[in-house]
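Chain by chain, the residues run as shown.
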Amino acid sequence: MNINIPAHLLEQIQAHGENAYPYEGAGLILGKDEEGKRTVENLLFLENAREEKNQHNRYLITAEDMLQGEKEAARQNASILGIFHSHPDHPNLPSEYDREFAIPWYSYLITSVNSAKASGSRCWRLEDNRESFSEEIIQVIPNK
Amino acid sequence: MPTLKIPTPLRPYAEGQSALTLPGQVVEEVLEGAVETYPLLKKHLFNDEGKLRPYVNLFLGEDNVNQLEGLKTPLSAEDTLLIIPSIAGG
């Protein structure tokens, strides 16, 4: 499993995580899934809807934001491929909380942000049995 | 009959369909029809206690049915019900 992402979009995701520090930042990944080949085309940066006291280790994208995201994706002839979020001062591995609330098929791109500096991103997909994640390899498309 | 729109992540559990036409007078009956017809959907819509998973939201047009009458919200034959996930993590 791979996900192809232009370098400038990955840079934007990482910058978003740095700007959100020490809180978690999140947003939607838009693009195309063509017979399993995923390519990121655009991003939607969203407010973390969690109450502020929990934003350091939790994020929430409301159903209302997802509804708007679906409409925007349709307008761009794309799909919501997944969600990006940051882990301030934690590894870019899915947490148990991530697993509990995850939805299969979506790509979950997690960026570790240590002391306000992004230190790497990895991407994950929930297995159908909901018990674990598998890594989706990030293929970066170089900037032209 | 009302239409139930299936979001992209759940389509693999509904034989790839993006919309289902199902009998039902209220939201709950349409959902029950969906999981009876496509049992693989059940695990992703309901938890082990038979309650809707916290990320499952249902919209009638722009309105979240939680702001209407919840699972008892009445539906007409022309209505389209959307499943919209909310996304949480940590």
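Rules and cut-offs
Residue positions are given per chain, counted from 1 along the sequence in the order it is written. Here every chain gets a letter starting at A, and every ligand a number starting at 1, in the order they are written. Selection of residues for local features in this predicted model requires a pLDDT of at least 70, selection of side-chain atom pairs for listing and counting requires 80 or more, and totals for whole chains, interfaces and linings are taken over all residues. Helix numbering and strand numbering both begin at the N terminus, where a helix is a DSSP run of H or I of at least 4 residues and a strand a DSSP run of E of at least 2. When we talk radius of gyration, it's over C-alpha atoms, and the globule rule is simply 2.2 Å times the number of residues to the 0.38. Burial is judged by counting the other C-beta atoms within 10 Å of a residue's own C-beta: 20 or more makes it buried, 12 or fewer makes it exposed, and any count in between marks it as partly exposed, with every C-beta position built from the backbone. In this description, any two residues whose backbone-derived C-beta atoms lie within 7 Å of each other are considered to be in contact. By convention in this section, buried Ala, Val, Leu, Ile, Met, Phe, Trp, Tyr and Cys residues joined through C-beta atoms within 7 Å make up a nonpolar core. Paired strands, as defined in this entry, are two strands with at least two bridges between them according to DSSP. Orientation is described by lines fitted to C-alpha atoms, with helices fitted over the stretch in contact, and by angles between N-to-C directions that extend from 0 to 180 degrees.

Caption draft 1: Region of the structure containing the overall build of chain B. Scanning chain B from N- to C-terminus turns up two helices and six strands. Against the globule reference of 12 Å for 90 residues, chain B gives a C-alpha radius of gyration of 12 Å, in line with a compact fold. Seen through its principal axes, chain B has C-alpha atoms that stretch 35 × 30 × 25 Å. Across the 90 residues that make up chain B, the buried fraction comes to 33%. Summarising the internal contacts of chain B: among those between residues at least 6 apart in sequence, 54% fall at separations of at least 24.

Caption draft 2: Region of interest: the nonpolar core. Judged by nonpolar contacts, the single largest core of 54 residues is most densely connected at I29(A), I83(A) and Y108(A). In this structure, Y108(A) is in contact with G82(A), I83(A), P94(A), D98(A), A102(A), C123(A), W124(A) and R125(A), ignoring residues within four places of it in sequence.

Caption draft 3: Fine view of the sheet that holds strand 5 (residues 80–85) of chain B. A sheet is described by the order of its strands in space; here five strands give the open sequence 2-1-5-3-4 (chain B), paired in mixed fashion. The two strands at the open ends of the sheet, each matched to only one other strand, are strand 2 (19–21) and strand 4 (63–64) of chain B. Bridge count between strand 1 (residues 3–5) of chain B and strand 2 of chain B: three bridges; the pairing is antiparallel. In the strand pairing of strand 2 of chain B, T3(B) is matched with T21(B). Along the sheet, helix 2 (residues 63–75) of chain A makes contact with strand 3 (56–60), strand 4 and strand 5 of chain B, crossing strand 5 of chain B at roughly 110°.

Caption draft 4: Representation of the pairing of strand 5 of chain B. Residue and element names in this part refer to chain B. Judged by how many residues are buried, strand 5 sits mostly within the fold: five of six residues are covered. In this sheet, strand 5 lies alongside strand 1 in parallel orientation, the contact comprising three bridges. In the sheet register, K5 faces strand 5, and the bridge partner there is L82. As defined by bridge partners, strand 3 adjoins strand 5 across five bridges and the pair is classed as antiparallel. When the bridges of strand 5 are listed, N57 appears paired with I84.

Caption draft 5: Region of the structure containing the pairing of strand 8 (residues 133–141) of chain A. All names here are of chain A. Relative to strand 8, strand 1 (residues 2–6) is paired through five bridges, and the arrangement is parallel. Along strand 8, the bridge assignment pairs I5 with V140. Here strand 7 (residues 117–126) runs beside strand 8; their pairing, made up of four bridges, is antiparallel. Considered in strand 8, the bridge of W124 is made with E135. Connecting strand 7 to the antiparallel partner strand 8 that follows it, the hairpin turn spans six residues, and R130 within it adopts a positive phi of roughly 70°.

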